[in-house]
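Next come the chains, spelled out residue by residue.
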Amino acid sequence: MLEDLEARILAVPESDEARVAVACLLRLRRMGKSLDEIRVLVEDHFARTHIFIMVDTLEYLRRGGRIGRAQELIGSLLQFKPLLSIADGEVQPIGRARTKQKALEELLRRAGELRPFQEAMVVHATTPDDLDYVVQRLHGMEPEMPITVGRITPGERVTHAG
């Protein structure tokens, strides 16, 4: 029955993230974990998860309604790169930097304060070179740490994140 439910959930094209999360939960159920045990595992995972975001262009923040056109124009002229985090399901500003390199360094500094790491995930929308740089720097901090890399598609999801 669980295999059938998992197959049906994974066939629904609504959200890749939701399908993966549900598949993981179903796998835990198959392993014999109770719903209470799964809840504790999920809560523990979320408590130890930190999400940092560097926005390279202010366009998506404007499209998402987080800033106005004037802020986008001035911020772009000054090369501001907003630094964001997600806490309690809300996007939170945590700083800004004047260049992309300074923004990446600030995010790496903030991440470094959270050591030791168990694992990391680094994704990019349009800048694979920046992804490679961040992965190398994280490996320098924790050489044995597993790092998952990926790419998010610019557009609707990035607009909603903005």
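For the structure, see preceding data.
Please read all numbers here as calculations on a predicted model, not as lab measurements.

1. So, the environment of Thr 57
Part 1 of the argument: Tracing the backbone shows Thr 57 in the loop between β1 (52–54) and α4 (59–63).
Part 2 of the argument: Distance from Thr 57 to Ser 76, taken between C-alpha atoms, is 7.4 Å for residues 19 residues apart in sequence.

2. Considering the packing of aromatic side chains
Each aromatic ring pair is characterised by the separation of its centres together with the angle its planes make.
Part 1 of the argument: Taken as a whole, this structure holds 0 aromatic pairs when the rule is applied.
Part 2 of the argument: Taking NZ or CZ as reference, Arg 96 lies 4.4 Å from the ring centre of Phe 80, over its face.
Part 3 of the argument: Its end group placed over the ring of Phe 80, Arg 98 keeps NZ or CZ at 5.8 Å from the ring centre.

3. A short note on unusual backbone geometry
Part 1 of the argument: Of the consecutive residues Arg 115 and Pro 116, the connecting peptide bond is found in the cis state with omega at 5°.
Part 2 of the argument: With respect to the secondary-structure elements, Pro 116 resides in the loop between α6 (100–112) and β4 (120–124).

4. Some words on helix α7 (residues 128–141)
The periodicity of an α-helix, 3.6 residues per turn, causes residues three or four positions apart to be oriented the same way.
Part 1 of the argument: In this model, α7 (14 residues) spans 20 Å end to end at C-alpha, consistent with the 20 Å of a helix rising 1.5 Å per residue.
Part 2 of the argument: Those residues of α7 that sit buried are Asp 130, Leu 131, Val 134, Val 135, Leu 138 and Met 141. One face of α7 carries all of its buried residues, which in axial projection span an arc of 135°. Seen from the open side of α7, the exposed residues pointing more than 90 degrees away from its buried face are Asp 129, Gln 136 and Gly 140.
Part 3 of the argument: At its buried positions, α7 is contacted by α6, β4 and β5 (147–151).

Calculation notes
Residues numbered from 1 in each chain as written. Predicted model: local features only at pLDDT ≥ 70, side-chain atom pairs only at ≥ 80, totals over all residues. Heavy atoms only, no water. Helix = DSSP H or I, 4+ residues; strand = E, 2+ residues; numbered from the N terminus. Phe/Tyr/Trp six-rings, centres within 6.5 Å; stacked < 30°, edge-to-face > 60°. Lys NZ or Arg CZ within 6 Å of the ring centre and 35° of its normal. Expected span 1.5 Å × (residues − 1). Buried < 20%, exposed > 50% of the residue type's maximum accessible area, 1.4 Å probe, protein only. Arc of directions from axis to C-beta. Contact = heavy atoms within 4.5 Å.

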